[in-house]
Amino acid sequence: MSIAAMKLCSSILQEHFGETVRIVGQDLFCAKSKTLGGICVTTKLSKKQVASSLAILVQYRLVKFSPLETNDSVAEYTLLYDRILLFLRYPRYMYFIQKKYGNPSALLLEELLKSGMAIAQSIIVRAYAASDVKNTDTLKELRDSFLDLVGQKFFVRCPEVTGDVVPKLKVEIPNLFLPPDINLKDVNDMIEKESDPMDIVQEKIFWTANFDQFHQAFRDKVLVDCIERQIDSNAAECFQFILSLMYNKTDVWAIKSNPISLNEIKQIVKKKSSNVELVKYLDQYVSIIEKDECGFLKRNDDFGGEAYDVNMKEAFKQIAWSIIENVITQKLGTKAARIFRVVRTKKYIEQDEIQREAMIPSKEARLYTYKLLEENFVQIQTIKKAGSGMGPTKSFYLFYVNQQQIARDLIEACYKSLYNLKVRVNQDKEANKRLMEKSIRLQFVIESLKERGESEETIQDINETLTPPEKEIVENAKMRLNRLESSEIMVDEMIMMLALYLQYYSPAAR
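All values derive from a computational prediction rather than experimental measurement. (Residues numbered from 1 in each chain as written. Predicted model: local features only at pLDDT ≥ 70, side-chain atom pairs only at ≥ 80, totals over all residues. Heavy atoms only, no water.)

(A) Seen up close, the sheet that holds strand β3 (residues 75-79). Reading across from one edge, β1-β3-β2 is the order of the 3 strands in this open sheet, with antiparallel pairing throughout. In this open sheet, the two strands that pair with only one neighbour each are β1 (34-35) and β2 (63-67). Both β1 and β3 contribute to a ladder of 2 bridges, which runs antiparallel. Bridge pairing in β3 places Lys34 opposite Tyr77. (Pairing = 2+ DSSP bridges. Helix = DSSP H or I, 4+ residues; strand = E, 2+ residues; numbered from the N terminus.)

Here it is as structure tokens:
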């Protein structure tokens with residue numbers, strides 16, 4: 001991977017786990033795989049420090065291990081850098097679960113993300129400690145929420161560890177989402193006695209977050225939102241039902257679904273939808289989605305036109321084009337975007353033809369074309385045509401677009417942006433650290449005074465210990481940090497969309 005990705009991964013490891021883990025992670029990033037001894041040699045860290053760092057990375061599934069080819073009693077470790085980048089997506093995971101399943105589920109997910117992996121009872125105990133209301137109903141609600149998240153496949157069992165010299169991970173597919181047996185009385189006793197669940201629970205089944213399920217939900221939301229923007233909310237609801245039918249008969253990450261009959265779509269809409277308008281005009285909505293330029297749904301002619309395929313590959317190709325064109329518009333302007341669309345449509349085109357098709361004056365067309373070339377949004381191919389006899393060789397210069405290369409370049413640019421955003425966030429926090437801490441302490445004091453029933457004058461006097469200029473600095477710093485954190489989420493969303501496009505167009509997906 002690139003230097004930009006390495007810097008970003010190092011920054012994330014530093015933020016979440018500290019300097020020692022960062023050093024070990026960066027060392028593994030630079031090598032395909034390494035043994036514990038090899039890491040000690042290159043990092044100059046002690047064996048204990050490296051072992052502790054590797055234990056943390058393994059716990060959070062950021063490193064995988066396997067026996068060394070030449071010595072099966074020694075383990076070699078490989079960094080999973082793409083898992084490190086998922087830390088940027090944690091706020092989105094939390095927001096999604098909270099919005100869809102409520103606060104108890106969000107508390108459980110938060111504790112699981114903090115732990116990397118843990119047993120069910122431990123997650124529930126910690127979520128109970130973090131909840132505002134603590135009673136038997138809360139404990140039952142947390143237990144039910146945990147089982148619901150397992151049923152919805154957002155929580156998954158960790159692989160079992162065998163007792164070899166270098167442990168091996170055994171995955172039993174049928175048991176991945178088998179609900180755990182959680183006795184509320186036992187959990188309540190653990191809370192009252194402040195016991196560690198790890199010391200009490202005999203059958204230790206570890207759980208972790210199933211990121212693939214989150215990404216599937218995010219992917220589906222992007223597709224449904226696209227349909228809603230292109231057509232309307234009824235069409236979006238219709239496509240949501242079509243996706244649910246797809247998962248009944250097709251692998252979740254297949255590039256194309258198995259045929260879905262119109263009759264199946266009608267049955268599920270009549271059974272599950274309360275939208276009278278959608279039920280009445282279902283045929284028309286399916287036809288409109290199929291004819292839409294997004295290409296999410298394709299008619300399957302083998303079934304006489306009464307069946308459809310969901311084409312994920314084509315869908316994310318169109319989404320990637322939309323992202324690329326938006327970037328060009330923001331960076332180089334609308335005329336450059338128009339030229340880009342002309343080159344993309346024509347596939348191979350000469351300079352003179354570009355200005356005619358784009359209807360832009362020759363000088364401007366040449367300027368914007370070469371700006372696009374400079375930024376690697378278009379490429380150039382030289383074709384030589386030999387002259388007759390001893391005459392000169394004539395060359396044709398054709399412009400074309402390589403979508404996959406542009407997507408990779410944009411992902412690299414996103415890595416750089418995310419790293420710069422993190423640097424700026426750290427600078428802002430450090431520059432305003434004293435005032436931010438003072439503001440937080442002041443808020444705690446004011447809250448405690450209010451709980452004790454102190455007078456408004458006393459509270460006002462305490463509040464004035466932070467001067468108006470200091471309050472303004474704190475507010476401005478908070479606003480900047482919020483904008484920077486929002487920007488991180490938006491850039492990461494762009495990475496996810498482009499990565500999905502590349503995933504569907506990779507040789508392994510074909």
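(B) How the structure looks around the nonpolar core. Judged by nonpolar contacts, the single largest core of 154 residues is most densely connected at Phe146, Phe239, Phe316, Phe340 and Phe377. Take this core: its biggest share by element is 13 residues, from helix α24 (residues 468-504). (Core = buried A, V, L, I, M, F, W, Y, C linked by side-chain atoms within 4.5 Å. Buried < 20%, exposed > 50% of the residue type's maximum accessible area, 1.4 Å probe, protein only.)

(C) Spotlight on the packing of helix α12 (residues 211-230) against α24. Two elements in contact, α12 and α24, have axes separated by 12 Å at closest approach and are oriented at 95°. Between α12 and α24, the angle falls in the class roughly perpendicular. Residues His215, Phe218, Arg219 and Val222 of α12 form the contact with α24, whose own contacting residues are Met496, Met497, Leu500 and Tyr504. (Axes fitted to C-alpha atoms, helices over the stretch in contact; angles between N-to-C directions. Parallel < 35°, antiparallel > 145°, perpendicular 65-115°, else oblique. Contact = heavy atoms within 4.5 Å.)

(D) Highlighting the packing of helix α2 (residues 19-29) against helix α3 (residues 36-43). The contact between α2 and α3 brings their axes to 10 Å, and the two run at 105°. It follows that α2 is roughly perpendicular to α3 by the angle criterion. Together, Ile23, Val24, Asp27 and Leu28 of α2 and Ile39, Thr42 and Thr43 of α3 make up the contact between the two elements.

(E) Quick peek at the state of the cysteines. Taken as a whole and judged by the stated rule, the model has 0 disulfides. Just so you know, Cys40 is unpaired, no disulfide at all, and the nearest cysteine sulfur is the one on Cys30, 16 Å from it. (Disulfide = S-S within 2.5 Å.)

(F) Structural context of the side chain of Gln379. Considering the arrangement of structural elements, one finds Gln379 in strand β12 (residues 379-385). Note on Gln379: relative accessible area 15%, which makes it buried. For Gln379, the side chain forms a polar contact with the main-chain oxygen of Asn376, separated by 3.1 Å. Separated by 3.1 Å, the side chain of Gln379 and the backbone nitrogen of Asn402 make a polar contact. Excluding its chain neighbours within four sequence positions, the residues that come into contact with Gln379 are Leu373, Leu398, Phe399, Tyr400, Val401 and Asn402. (Polar contact = N/O pair within 3.5 Å; in protein donor to acceptor, adjacent residues only side chain to side chain.)

(G) Representation of the pattern of salt bridges within the structure. By the definition in use, this model includes 25 salt bridges. Lys256 is paired through a salt bridge with Asp309; the nearest N and O atoms lie 3.7 Å apart. Residue Lys256 is located in the loop between α13 (233-249) and β9 (260-261), and its partner Asp309 is located in strand β11 (residues 307-310); the two are separated by 53 residues in the primary sequence. With a shortest N-O distance of 3.5 Å, Asp283 and Lys266 are connected by a salt bridge. Within this pair, whereas Asp283 is found in helix α16 (residues 282-291), its partner Lys266 is found in helix α14 (residues 262-272), the two being separated by 17 residues in sequence. Beyond isolated ion pairs, a larger network of salt bridges with shared partners links Glu15, Lys422 and Glu488. (Salt bridge = Lys/Arg side-chain N within 4 Å of Asp/Glu carboxyl O.)

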